[in-house]
Amino acid sequence: MKSGWYDAQSAYAIGVDIGGTKINAGIVSESGEVLHSISLSTLAGQTHTGNRAMEAVQSLLKKVVLEQPDFRVRGIGVGSAGQIEWTSGQIRFSSDLIPGYQGTQLKRLMEERFHLPVHVDNDVNVLALTEKRFGAGKGIDHFICLALGTGVGGAIVVEGRLVHGAWGGAGEIGHMSVNFQGPLCICGGKGCLEQYASGTSIARRMREKLVSEGLPAEDVDTREVFARWHAGEPLASTIMEETIAALGTGIASLIHTFNPGLIVIGGGVAEAGELLFDRLRQEVRSRTMASMLDAVRIEPAYKGNWSGMIGAALQIWEYADKG
Ligand code: BMX
Ligand code: ZN
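Below, the structure is looked at part by part. (Residues numbered from 1 in each chain as written. Chains lettered and ligands numbered in written order. Predicted model: local features only at pLDDT ≥ 70, side-chain atom pairs only at ≥ 80, totals over all residues. Heavy atoms only, no water.)

## What about the sheet that holds strand E8 (residues 143-148)?
We apply this condition: Note on pairing: DSSP must find at least two bridges between two strands before they are called paired. Think of it this way: any DSSP run of H or I at least four residues long counts as a helix, any run of E at least two long counts as a strand, and we number them from the N terminus. Contacts: residue pairs with any heavy atoms within 4.5 Å of one another. For every element, the axis is a line fit to its C-alpha atoms; helices are fit only across the contacting stretch, and the angle between N-to-C directions ranges from 0 to 180 degrees.
Judged by pairing direction, the sheet is mixed, and its five strands sit side by side in the order E10-E9-E8-E11-E12 without closing on themselves. Where the open sheet ends on each side, the last strands, each with one partner, are strand E10 (161-162) and strand E12 (297-300). Of the strand pairs in this sheet, strand E9 (residues 152-158) and E10 are connected by two bridges, and their pairing is antiparallel. The residue bridging Val157 from the neighbouring strand is Leu162, located in E10. Across the sheet, helix H7 (residues 234-258) lies against E8, E9, strand E11 (262-266) and E12, angled at about 160 degrees from E8, the strand it touches most.

## Details of the packing of aromatic side chains
We count it as follows: Each pair of aromatic rings taken from Phe, Tyr and Trp, with Trp reduced to its six-membered ring, is defined by centres within 6.5 Å and is described as stacked if the planes are under 30 degrees apart, edge-to-face if over 60, and tilted in the remaining cases. Note on classification: 1.4 Å probe, protein chains only; a residue is buried when its accessible area is under 20% of the maximum for its type, exposed when over 50%, partly exposed between these limits. Any Lys NZ or Arg CZ found within 6 Å of a ring centre and within 35 degrees of that ring's normal is scored as a charge over the ring.
Tallying each qualifying case throughout the model produces three aromatic pairs. Residues Tyr12 and Phe71 carry aromatic rings whose centres are separated by 5.7 Å and whose planes lie at 40 degrees to one another, so their mutual orientation is tilted. Placement of the pair is Tyr12 in strand E1 (residues 12-18) and Phe71 in the loop between helix H1 (49-67) and strand E4 (76-80), with a sequence separation of 59 residues. Tyr12 sits in the buried class, given a relative accessible area of 18%. Each ring, one from Phe134 and one from Tyr302, has its centre 6.0 Å from the other, and the planes form 35 degrees; the classification is tilted. In this pair, Phe134 sits in helix H3 (residues 123-134) while Tyr302 sits in the loop between E12 and helix H10 (307-318), placing the two residues 168 residues apart along the sequence. The exposure class assigned to Tyr302 is partly exposed, which follows from its relative accessible area of 32%. Positioned above the aromatic ring of Trp167 is the side chain of Arg92, whose terminal nitrogen or guanidinium carbon lies 4.2 Å from the ring centre.

## Some remarks on the site of ligand 1
What counts, and what does not: If a single non-hydrogen atom of a residue is within 4 Å of a molecule or strand, that residue counts as near it. N or O atoms closer than or at 3.5 Å make up a polar contact, with two conditions inside protein: a donor-capable atom paired with an acceptor-capable one, and, for residues adjacent in sequence, both atoms drawn from side chains. Amino acids are sorted into nonpolar (Ala, Val, Leu, Ile, Met, Phe, Trp, Tyr, Cys and Pro), charged (Asp, Glu, Lys and Arg) and polar (every other residue, Gly among them).
Taken together, 19 residues form the shell around ligand 1, and within it Gly82, Asp123, Gly151, Glu172 and Glu194 come nearest. Here Gly82 contributes a backbone N or O atom positioned 2.8 Å from an oxygen atom of ligand 1. At 3.0 Å, a backbone N or O of Ser95 approaches an oxygen atom of ligand 1. For the shell around ligand 1, the secondary structure elements donating two or more residues are H3 and E9. Class assignment for the residues of the shell around ligand 1 results in four nonpolar, 12 polar and three charged.

## Examining the pairing of E1
Most of E1 is tucked away, with seven of its seven residues classed as buried. Residues Tyr12, Ile14, Val16 and Ile18 point to one face of E1 and Ala13, Gly15 and Asp17 to the other, with burial holding for every one of them. Of the strand pairs in this sheet, E1 and strand E2 (residues 22-29) are connected by seven bridges, and their pairing is antiparallel. Across the sheet, the residue bridging to Ile14 is Ile27, located in E2. Adjacent in sequence and paired antiparallel, E1 and E2 are bridged by three residues. The pairing of E1 with E4 spans five bridges and is classified as parallel. Residue pairing in the sheet places Asp17 in a bridge with Gly79 of E4.

## So, the environment of Glu208
Assignment of secondary structure puts Glu208 in helix H5 (residues 199-212). In the structure, Glu208 is positioned 80 residues away from Ala128 in sequence and 34 Å away in space, judged by C-alpha atoms.

## Some remarks on the state of the cysteines
Two cysteines whose sulfur atoms are joined by a covalent bond form what is called a disulfide. Stated formally: Count a disulfide wherever a pair of cysteine sulfur atoms falls within 2.5 Å.
Following the criterion strictly, the structure yields zero disulfides and no others. Summary of cysteine pairing: Cys145 is not part of a disulfide, and the nearest cysteine sulfur, belonging to Cys192, is at 20 Å.

## A closer look at the coordination of the zinc ion (ligand 2)
Defined as follows: Coordination here is defined by N, O and S atoms within 2.8 Å of the metal (3.2 Å for Na, K and Ca), and since water is not considered, a site can look incomplete. Every angle between 85 and 135 degrees makes a four-donor site tetrahedral, while opposite donors more than 155 degrees apart, with all other angles between 65 and 115, make a four-donor site square planar and a six-donor site octahedral; other sites are irregular.
The zinc ion (ligand 2) binds to the protein through His175 (ND1), Cys185 (SG), Cys187 (SG) and Cys192 (SG), with metal-donor distances spanning 2.1 to 2.4 Å. Taken together, the four donor atoms surrounding the zinc ion (ligand 2) define angles of 103 to 121 degrees at the centre, an arrangement classified as tetrahedral. All donors of the zinc ion (ligand 2) come from a single chain, and their spacing in sequence reads H-x9-C-x1-C-x4-C. Residue Cys187 is classed as partly exposed on the basis of its relative accessible area, which comes to 31%. Overall, Cys192 belongs to the buried group, its relative accessible area being 1%.

## Section: helix H2 (residues 106-114)
Selection criterion: When we speak of the arc, we mean the arc of directions from the helix axis to the C-beta atoms.
For H2, every residue scored as buried is listed here: Leu106, Lys107, Met110, Glu111 and Phe114. Buried residues in H2, looked at end-on, bunch into an arc of 125 degrees, giving them a common side. Residues of H2 that are buried make contact with E1, H1, E4, strand E6 (90-93) and strand E7 (118-122). Taken from the residues just after H2, His115 is the one with a positive phi, measuring 55 degrees.

## Some words on unusual backbone geometry
The backbone of His115 sits at a positive phi, close to 55 degrees, despite the residue not being glycine. For His115, a relative accessible area of 37% translates into the label partly exposed. You will see that Asp219, though not glycine, has its phi angle at about 65 degrees, which is positive. Locating Asp219 in the fold gives a position in the loop between H5 and helix H6 (222-230).

These figures capture arrangement, not role.
Now the structure itself:
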């Protein structure tokens, strides 16, 4: 299985982060240093996402050998959106955020192409490895990550280890229902957290609201909603208060279920800043048993563009004994 690229002693691994919008690939050290990186859009040119990810690794390696012809790595760690069968590295289910991706044998494809050890896990699960090593999760044994981006992803760390469940699907917190009579979700459920708290849904709900008021809605993206919210615009406040109520409901249930010491929140929506965190802390306080509140903090995720990609690569060290 090992190739000319392989060296078990190398200080570097390849990290690949496959999200609904972008694929980032980079050469990463155990201390989180990023030597080289590249970024591609996930869905461009209708190329299959598995092939697009391999294209990213190929271009990355090409870039590296130009500078260091005898460069070697320990392996490839992939963090991907979708529910990943953890041991086989197959995409067991993927919502239509990434059309045609479901069923991809990502680990097998990567191993056959690059002849390196490959680990594949959910994108937000690997993000939790970055939090554990460098972020707010450092030294905390029980914590939960939420990533509010194209979709809403989650990860659960218990006793210092990621919870994978029966085959790897645990932690799909975006599909925890916060409203049993809520709107249909692309996963088949109703009132999922993702329908209220992803960047995509915030922008969509704002546009719908504007249209219903007969106001111009084109070009209104998440950033614009946040700007209007900070400026005190009532429509934007209505949308964001709904997001905060949904998040507060979900987080309170997570606290009651896992009694965590920390909830880490990342993704594009976390860029709404302190106003979001302040409101969210209040909301969670109002919905959570007082006995559970002492132990838990709600903090923003580790800053940096590459945190998903770094976490993906960290799997190589985290699971070194797994081969
Ligand atoms: C979706 C789901 C999760 C993913 C989350 C965040 C798919 C394709 N995705 O809920 O597996 O972790 O989005 O994904 O089923 P991102 O695209 O926002 O990073
Ligand atoms: Zn859902």
